[in-house]
Amino acid sequence: MTWETEQQRTEAEQRALDELSKRIGTLSDVPERATVRTVFGEPIRIGERTIIPVAQVSYMVGFGMGRGTGPGAGGGPASSGGGGGGGTRVQAKPLALCEVSPDGVRMIPVMDQTRIAVWGIVSGMVMLWLITRLIRALLK
């Protein structure tokens, strides 16, 4: 983006700052949303037992702004530009189920099948690599 006047540049910078300020303003309520209810789900009653889902919740935020000048196109006068951007991410991962019954309370972990599969594949590849090195060493 190029600006023909200093006023246009100033107006564009102000719009970018206003947008950033608006986004930061909407992020200010994140601590209010990050409560115990975010981690512990609504209890589910099944007969004499109550099941409470438990999750790990992560909030991530990033943003940046910049501006600069450079040579104009075709050897023309120098031009300047700027920009900004940002993003947020919320991730919730199930960890366990809390079971409350007349017999007591117990935590039932939730197995992450994808993580187990990835670790199995990585472990298999490391073992294959080690066996190949051992065979090569023995054949020398």
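Calculation criteria
- Residues numbered from 1 in each chain as written.
- Predicted model: local features only at pLDDT ≥ 70, side-chain atom pairs only at ≥ 80, totals over all residues.
- Heavy atoms only, no water.
- Helix = DSSP H or I, 4+ residues; strand = E, 2+ residues; numbered from the N terminus.
- Contact = heavy atoms within 4.5 Å.
- Areas by Shrake-Rupley, 256 points an atom, 1.4 Å probe, with all protein chains shown as cover.
- Buried < 20%, exposed > 50% of the residue type's maximum accessible area, 1.4 Å probe, protein only.
- Polar contact = N/O pair within 3.5 Å; in protein donor to acceptor, adjacent residues only side chain to side chain.
- Pairing = 2+ DSSP bridges.
- Axes fitted to C-alpha atoms, helices over the stretch in contact; angles between N-to-C directions.
- Patch = residues over 30% accessible without salt bridge, like charges linked within 9 Å, V, L, I, M, F, W, Y side chains within 5 Å.
- Salt bridge = Lys/Arg side-chain N within 4 Å of Asp/Glu carboxyl O.
- pLDDT = per-residue confidence, 0-100.

### Here's the deal with the overall build of the protein
At step 1: Each helix and strand counted, the protein has four helices and four strands in total.
At step 2: Order of helices (α) and strands (β) in the protein, N terminus to C terminus: α-α-α-β-β-β-β-α.
At step 3: Long-range pairs, those at least 24 residues apart, make up 51% of the contacts in the protein with a sequence separation of at least 6.
At step 4: Counting only carbon and sulfur atoms, one obtains 61% of the accessible surface of the protein, whose full area is about 11,200 Å².

### Side note on the side chain of Thr 50
At step 1: Take Thr 50: it is sitting in strand S2 (residues 49-70).
At step 2: Look at Thr 50 and you get buried, because its relative accessible area is 16%.
At step 3: Of the polar contacts made by the side chain of Thr 50, one reaches the side chain of Arg 45; its length is 2.9 Å.
At step 4: Contacts of Thr 50, omitting those with residues within four sequence positions, involve Pro 43, Ile 44, Arg 45, Cys 98, Glu 99 and Val 100.

### Quick notes on the sheet that holds strand S3 (residues 79-101)
Strands in a sheet are paired, the pairing made by backbone hydrogen bonds, and the direction either parallel or antiparallel.
At step 1: If you walk across this open sheet you meet the four strands as S1-S2-S3-S4, and the pairing is antiparallel. Whereas interior strands pair on both sides, the edge strands pair on one side only; in this sheet they are strand S1 (44-46) and strand S4 (104-109). For this sheet, the mean inter-axis angle between neighbouring strands, taken without regard to orientation, is 25°.
At step 2: Here S1 pairs with S2 via three bridges, running antiparallel. Bridge pairing in S2 links Ile 46 to Arg 49.

### Topic: a nonpolar patch on the surface
At step 1: Taken together, the side chains of Val 118, Trp 119, Val 122, Val 126, Met 127, Trp 129, Leu 130, Ile 131, Ile 135 and Leu 139 present a nonpolar region at the surface, about 1,000 Å² in accessible area.
At step 2: Position of Val 122 among the secondary structure elements: in helix H4 (residues 113-139).
At step 3: On the basis of relative accessibility, which here comes to 36%, the residue Val 122 falls in the partly exposed class.

### Notes on the pairing of S4
At step 1: In this sheet, S4 lies alongside S3 in antiparallel orientation, the contact comprising six bridges. Paired with Cys 98 across the bridge in S4 is Met 107.

### Focus on the side chain of Glu 99
At step 1: By the secondary structure assignment, Glu 99 is in strand S3.
At step 2: A distance of 2.6 Å separates the side chain of Glu 99 from the side chain of Arg 49, its partner in a polar contact.
At step 3: Separated by 2.4 Å, the side chains of Glu 99 and Arg 106 make a polar contact.
At step 4: Other than its neighbours up to four places away in sequence, Glu 99 contacts Arg 49, Thr 50, Ile 51, Gly 104, Val 105, Arg 106 and Ile 108.

### Here's the deal with the confidence of the model for the protein
At step 1: Of all residues in the protein, 81% attain a pLDDT of 70 or more, and the chain-wide mean is 80.
At step 2: Least confident of the elements in the protein is helix H2 (residues 30-33), whose mean pLDDT is 64; most confident is H4, at 93.

### What to know about the pairing of S3
At step 1: Note that S2 and S3 share 21 bridges and pair antiparallel. Opposite Gln 56, over in S3, you have Lys 93 as the bridge partner.
At step 2: Here S3 folds back onto S4 in antiparallel fashion, the turn holding two residues.

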